[in-house]
Amino acid sequence: MAEQERRDNILLEVRGLKKYFPIQRGLLRRTVGYVRAVDDVSLYVREGETLGLVGESGCGKTTTGRCIIRLYEPTAGQIHFKTTALSPNGDPQMVDLLSLDKERMKTVRREMAMIFQDPINSLNPRMTVFDIIAEPMEIHGMGRGPEVEETVVRLLEHVGLRPEHMLRYPHEFSGGQRQRIGIARALALNPRLVICDEPVSALDVSIQAQTLNLLLDLQKDFGLSYIFIAHDLSVVQHVSDRVAVMYVGKVVEVADVEHLYSRPLHPYTEALLSAVPKPDPLYKSERILMQGDVADPANPPSGCYFHPRCRYAQPICEREAPEFRELEPDHWVACHRAGELHLKGV
Amino acid sequence: MSEPLVEVKNLKVRFDVREGIIKAVDGATFTVHYGQTLGVIGESGCGKSVTARAILNMVPKPGKVVGGEILYHRRRPSENGSEVTEIVNILDLDPDGEEIRQIRGGEIAMIFQEPMSSLTPVYTAGAHITEAVTLHRLLPIRKVGDQMAETIQAHRRVSKQEAKEIAIEMLRRVGIPNPRERVDAYPHQLSGGQRQRVMIAIALSCQPDMLIADEPTTALDVSIEAQILDLMRELQEETNMAIMFITHNLGVVAEMAQEIVVMYLGNIVERASVVDIFYNPKHPYTRALLESIPRFGKGRRQRLTSIKGMVPDPFHLPSGCLFHPRCPHFMPGKCDRIEPKWTQVGDNHWVRCLLYEKE
């Protein structure tokens, strides 16, 4: 793909995103330090594709997702998003979301939606399904009366629920159905980018399969782009075009899914892949055990954050932070030794 | 097969609630052997956790065991120093009595999935620590190491100092960094994942004959999960411990178990060796489960096979075979009328499905 074409297709580009949460102590709530939840993350999403975002708990994947739609105000960085909502004739234009004022941000946010992990707590128990799905349209003043109802019916059908479910409350539904309600709500404003934060991890396997199928169908039907945040590497592999691996607030490797899984370049990716239990009793696992716990994002180690747990670490890894570089076309990695190591995929 | 440790025979558990009666477990039969791991798989509400709790005679209210027996082959030292095995029906024991308390935690230990951050404020300083810890709760007001040591002492003949050393060693083996310092931490100073690992450490440090692990690693990251699974297997080799591993994660069960039972709506529908279950599954439900998971290397973005419909309402169970409304091989007039019986389809491979029953 020519460089120009590659750029034209980009829907979202995040550069140098940082989100530091202050740690406050004492009577005066003095700030004594910062948790670097997201620490210099750069990534992009092309139109119609799915970017998987994986990593262990506390690595900043959820915070990254929330910063992108400005649920959290980032500490630094740029978030360029191709929006059609700002120009009167619907022409796409690239804007830096962080430079937008409240009013314009609200307009652009129509094109972004979020699906949450917990289908029990993310829906208001006092609202009917109709109100839950119609609420975003009301907030954005889109459609009135019968029009809204038509849209809700259409959305319910799209996610595999029946229109007569409209007047019920969330507790009357199973976990899988609640997740469908959440998905319908996310689609209410015709978004272009949907951030799915662990959308299937609370679901049983058979329901998980139904939900993943639904997400893939909707992507095709509506031309959606997804950022798919999950810790389950086999689920991420199933839905993603490209995958970014995060460790302690940083992206350590990004590549298209085949390359990342078959020939990872970062030792952390290799270790994660090896740790996933394979559903095959005859599979001989050669598991790489990582020593110790994930580093503390308030007090990360020197140099490469992964070096205390890395079995390939050299003195340089302790001294210097590795540069995030494009080692192969579209395969980015932050590791001093990337390329010289022969790492195993799955 | 090695010696049996727990034989569950025709276990039936019911929940009598306002809306009606739920048959949470309806005739489960299986055996757990010394040195072996039995995997129990199935989706939420299939009765796998209730079965596990019944083995320790602690079915949560308003549940009640209404039938069957749980025979525990209890090994005890006899007067002349050798070991004798006596068979105890756990369901005959007083659920609050001395004997079951000795068995719980000490001889049959358990690890439950931690509902994230379950510190229990209801236990006060006066509560009996070992009791609480055995029931998978850490007290908020006591150091982790003290709670571990006391539990260990309740079940093993060791001094206080030895118990603490065992605790530290176990914390190290479950991958808690700086165990010598962390042993003096209070539960709230640990992360959710670390607390879960402490519970696992406690269960394993009592050197139980059997470990019941109910979704023990579901809340943990894969790298930690891998470490815990390895540890369980190491200890099993060292002490010939039996493990009953309950999970919905087919990857984990493929790695851990030698034998598997598949449960659906309170019934066991298939029972076989792990290889048979994964390579030669017979019951349509088992097959559907296996096909519905995404796997490495399996065609990306292809549709996953999903099981049609939903798990039925437990108050209105289908007639005949419970799986028939969702089954791709449904035979009208048969599956909705006849309750399938156990059919042997191979060496130690049993299935309850009319497809395999000879007329």
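Residues numbered from 1 in each chain as written. Chains lettered and ligands numbered in written order. Predicted model: local features only at pLDDT ≥ 70, side-chain atom pairs only at ≥ 80, totals over all residues. Heavy atoms only, no water.

Here we take up the packing of aromatic side chains. Overall, the coordinates contain 10 aromatic pairs over all chains when judged by the stated rule. Look at Tyr-247 of chain A and Tyr-268 of chain A: their rings are 4.5 Å apart centre to centre, the planes differ by 55°, and that puts the pair in the tilted class. With Tyr-247 of chain A in strand β9 (residues 242–247) and Tyr-268 of chain A in helix α10 (residues 267–275), the pair connects residues that are 21 residues apart, well separated along the chain. For Tyr-247 of chain A, a relative accessible area of 2% puts it in the buried group. Judged by its relative accessible area of 1%, Tyr-268 of chain A is buried. Seen in terms of ring centroids, Tyr-285 of chain B and Phe-323 of chain B are 5.2 Å apart; in terms of plane orientation they differ by 70°. Their pairing is edge-to-face. Placement of Tyr-285 of chain B in helix α11 (residues 284–291) and of Phe-323 of chain B in the loop between α11 and β11 (342–346) is noted, with a sequence separation of 38 residues between them. For Phe-323 of chain B, a relative accessible area of 1% translates into the label buried. (Phe/Tyr/Trp six-rings, centres within 6.5 Å; stacked < 30°, edge-to-face > 60°. Helix = DSSP H or I, 4+ residues; strand = E, 2+ residues; numbered from the N terminus. Buried < 20%, exposed > 50% of the residue type's maximum accessible area, 1.4 Å probe, protein only.)

On to the pattern of salt bridges. Residues and elements named next belong to chain A. Within this structure, the stated rule accounts for 33 salt bridges over all chains. Across the pair Asp-330 and Arg-46 runs a salt bridge whose closest N-O atoms are separated by 3.0 Å. Residue Asp-330 is found in the loop between β11 (325–328) and β12 (331–333), and its partner Arg-46 is found in strand β2 (residues 30–46); the two are separated by 284 residues along the sequence. By the burial criterion, Asp-330 is buried, and Arg-46 matches it. For Arg-337, the salt bridge goes to Glu-340, with nearest N and O atoms at 3.1 Å. Overlapping salt bridges, with partners in common, bring together Arg-46, Glu-49, Arg-242 and Asp-330 in one network. (Salt bridge = Lys/Arg side-chain N within 4 Å of Asp/Glu carboxyl O.)

Turning to α10 of chain A, a few remarks are in order. Extensive coverage of α10 of chain A is indicated by the burial of nine of its nine residues. Three or more residues of α10 of chain A are buried, namely Pro-267, Tyr-268, Thr-269, Glu-270, Ala-271, Leu-272, Leu-273, Ser-274 and Ala-275 of chain A. Those residues of α10 of chain A that are buried lie in contact with α8 (233–239), β9, β10 (250–256) and α9 (257–262) of chain A together with α8 (222–239) of chain B. (Contact = heavy atoms within 4.5 Å.)

All names here are of chain B. Taken in spatial order, the four strands line up as β2-β1-β4-β5 in an open sheet, and their pairing is antiparallel. Here the strands that pair on one side only, and so sit at the sheet edges, are β2 (20–33) and β5 (83–89). Across this sheet, the average inter-strand angle for adjacent strands is 10°, counted without regard to direction. Bridging between strand β4 (residues 63–77) and β5 involves seven bridges; their strand directions are antiparallel. In the sheet register, Leu-71 faces β5, and the bridge partner there is Asn-89. Along the sheet, helix α1 (residues 48–55) contacts β1 (4–17), β2 and β4; its crossing angle with β1, the most-contacted strand, is approximately 115°. Sheet strands touched by helix α2 (residues 98–107): β4 and β5. Its angle to β4, the strand with the most contacts, is close to 75°. (Pairing = 2+ DSSP bridges. Axes fitted to C-alpha atoms, helices over the stretch in contact; angles between N-to-C directions.)

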